[in-house]
Amino acid sequence: MTARAADRTRYNRATAHLDAPIAVVDLDAFDANADDLVRRAAGKPIRVASKSVRCRALLERVLARPGFAGIMSFTLAESLWLARAGFEDVLLAYPTADRAALAELAADPKLAAAVTVMVDDHAQLELIDAARAGGGEEIRVCLELDTSLRLLGGRVRVGALRSPLRSPAQLAELARSVARRPGFRLVGLMAYEGHIAGVGDSVAGRPLRSRAVRLMQAAGRRELAVRRAEVVRAVRAVAPDLEFVNGGGTGSVQHTAAERAVTEIAAGSGLYVPRLFDNYTSFTARPAALFAHPVVRRPGVGVVTVLGGGYPASGPAGPDRLPVPYLPEGLRYDPQEGPGEVQTPLLGAPADDLLIGDKVWFRHAKAGELCERFDELQLIEGDRIAATVPTYRGEGRTFL
């Protein structure tokens, strides 16, 4: 029996009393993945990206482990909710225009002490001040550095369109604006190298593309390491008490941790390990989050149909954004239909061994987005369910 077949046996046994659709997290794999992230971080704390988890119980679980400290959130409303729930160090990874939440933040000492907002433009400071509604609490601020790689004199750009701040001078100038502005305190600097941390460099059947990605990422790491160190020196000259410099992502943990200028690493997808993280040479990990749909039809030889399954992930539309049938091994989509809104035909020899009501297990393309489809996660230990916990959605929280 293969390891995957053994996992299927465990999952089916653990959930035999439950009707699909269901979502599970294999705690053995989750904890092993957490340990591997800590090993790669080589002593630097890991800030957990909540968008990749979207379950408070699992955020609490991983933050209770040595090597993890703090949350990187994705909206201000989420940040305030987490802070009220007892999470004491929440870094909002994206600028906000949520005026109501900003007014709450500025009016509450506990929230203001726990939450740090992201800024990369003077206009964002103006918006925060205008939204205070009389609240006088000091707002903790983090600046974001553009990490993209510029080639051919800037004519070619590789990397996400995020912050407009690229040079040490630009970051230092905004740092001075924050320092001069009453009611704000600059506490951090963030630089997310998505073109390195979030792009697989070993794509099956694409050796030339994979080599090109590895060359690009090596060049990007060298360029960014130099520029990030220069930026940190420039910002610390303005704010010598800077509390943290955050960088990285699941795919680049060990490389980012090696930079002296970086004090903490961001990661989250490496806990669940969705399918987009199968194509990396820098690490291997165990799929921990899966979902199952029931077989409801047997249209013919070598074909079964499951209920639902059309859960595409965000990003540029393409086959890599679709979930994949994972267990039993050997199933594939009908190219004429793909994963459907209400039903999904699956082809392959394993279909003939599946009965009506059997579960087919899938992996989502991106980590936490799976939790937007399910109210609960079944937490599996061995071949039993250890707990059933709500997702953000299950707690009535849909932040985006």
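Here the structure is shown first, and the text comes after it.
Residues numbered from 1 in each chain as written. Predicted model: local features only at pLDDT ≥ 70, side-chain atom pairs only at ≥ 80, totals over all residues. Heavy atoms only, no water.

Asks: Before we move on, could you go through the pattern of salt bridges and cite the residues and values that matter?
Replies: Counting across every chain of the model gives 33 salt bridges. A salt bridge links E144 to R162, with the nearest nitrogen and oxygen atoms 2.5 Å apart. One end of the pair, E144, is in strand 6 (residues 139-144); the other, R162, is in the loop between strand 8 (156-158) and helix 8 (168-180), and 18 residues separate them in sequence. In this structure E144 comes out as buried when scored by relative accessible area, which is 2%. Notably, a salt bridge pairs R150 with D146, separated by 3.2 Å at the nearest N-O pair. Residue R150 is classed as partly exposed on the basis of its relative accessible area of 35%. (Salt bridge = Lys/Arg side-chain N within 4 Å of Asp/Glu carboxyl O. Helix = DSSP H or I, 4+ residues; strand = E, 2+ residues; numbered from the N terminus. Buried < 20%, exposed > 50% of the residue type's maximum accessible area, 1.4 Å probe, protein only.)

Asks: Got a sec to walk through unusual backbone geometry? Specific residues and values, please.
Replies: Of note, the amide linkage connecting A20 to P21 takes the cis form, showing an omega dihedral of 10 degrees. Between L327 and the following residue, P328, the backbone shows a cis peptide bond with an omega angle of 0 degrees. With respect to the helices, strands and loops of the structure, P328 is situated in the loop between strand 14 (324-327) and strand 15 (332-333). For R54, which is not a glycine, the phi torsion comes out positive at approximately 55 degrees. Owing to a relative accessible area of 11%, R54 belongs among the buried residues under this scheme. Positioned with a positive phi, V273 is a non-glycine residue whose angle comes to about 55 degrees. Assignment of secondary structure puts V273 in the loop between helix 12 (269-272) and strand 12 (289-300). Using a relative accessible area of 2% as the deciding quantity, one classes V273 as buried.

Asks: Break down helix 4 (residues 76-84) for me, citing the residues and quoting the values.
Replies: Burial analysis of helix 4 places seven of its nine residues in the buried class, which makes it a mostly covered element. Every buried residue of helix 4 is accounted for by L76, E78, S79, L80, W81, L82 and A83. For helix 4, the elements touching its buried residues are helix 3 (56-63), strand 3 (68-73), strand 4 (90-92), helix 5 (99-107), helix 6 (109-114) and strand 5 (115-119). Where helix 4 starts, the residue carrying a side-chain oxygen 3.0 Å from the main-chain nitrogen of E78 turns out to be T75. (Contact = heavy atoms within 4.5 Å. Polar contact = N/O pair within 3.5 Å; in protein donor to acceptor, adjacent residues only side chain to side chain.)

Asks: Break down the nonpolar core for me, citing the residues and quoting the values.
Replies: Counting 90 residues, the largest nonpolar core has L58, L143, Y272 and L377 as the members making the most contacts within it. No other element matches the six residues that helix 2 (residues 27-41) contributes to this core. Those residues in contact with L58 that lie beyond four places of it in its chain are V25, L27, F30, V53, Y272, L377 and L379. Residues A20, V24, Y326 and W361 belong to the second largest nonpolar core, which totals 11 residues. (Core = buried A, V, L, I, M, F, W, Y, C linked by side-chain atoms within 4.5 Å.)

Asks: Run through the sheet that holds strand 9 (residues 184-191), naming residues and quoting values.
Replies: Spatially, eight strands are ordered 2-3-4-5-6-9-10-11 in a closed barrel, and the strand pairing comes out parallel. On average, adjacent strands in this sheet sit at an angle of 30 degrees to one another, irrespective of strand direction. (Pairing = 2+ DSSP bridges. Axes fitted to C-alpha atoms, helices over the stretch in contact; angles between N-to-C directions.)

Asks: I'd love a proper account of the packing of helix 5 against helix 7 (residues 122-131), names of residues and values included.
Replies: At a minimum axis distance of 8 Å, the contact between helix 5 and helix 7 shows a crossing angle of 70 degrees. Between helix 5 and helix 7, the interaxial angle falls into the category roughly perpendicular. For the element pair helix 5 and helix 7, the recorded crossing hand is right-handed. The segment helix 5 lies against helix 7, with R99, L102 and A103 engaging L127, I128 and A131. The residue inventory of the contact of helix 5 with helix 7, partitioned by class, reads five nonpolar, no polar and one charged. (Parallel < 35°, antiparallel > 145°, perpendicular 65-115°, else oblique. Left-handed = near helix turned anticlockwise from the far one by under 90°. Nonpolar A, V, L, I, M, F, W, Y, C, P; charged D, E, K, R; others polar.)

Asks: So what about the packing of aromatic side chains? Which residues, and what values?
Replies: If you walk through the whole model with that rule in mind, you get 14 aromatic pairs. With a centroid separation of 6.5 Å and 55 degrees between ring planes, the pair formed by F277 and F283 is classed as tilted. Measuring from centroid to centroid gives 6.0 Å for Y311 and F374, while their planes differ by 80 degrees, and the two rings are edge-to-face. Separated by 63 residues along the polypeptide, Y311 in the loop between strand 13 (303-307) and strand 14 and F374 in the loop between strand 17 (359-363) and strand 18 (376-381) bring together distant segments of the chain. Like F374, Y311 is buried. By the ring-pair criterion, three or more aromatic residues cluster together here, those being F74, W81, Y392 and F399. Across from the ring centre of F283, 4.3 Å away, lies the NZ or CZ of R40, which sits over that ring. One cation-aromatic arrangement involves R47 over F244; the distance from NZ or CZ to the ring centre is 5.1 Å. (Phe/Tyr/Trp six-rings, centres within 6.5 Å; stacked < 30°, edge-to-face > 60°. Lys NZ or Arg CZ within 6 Å of the ring centre and 35° of its normal.)

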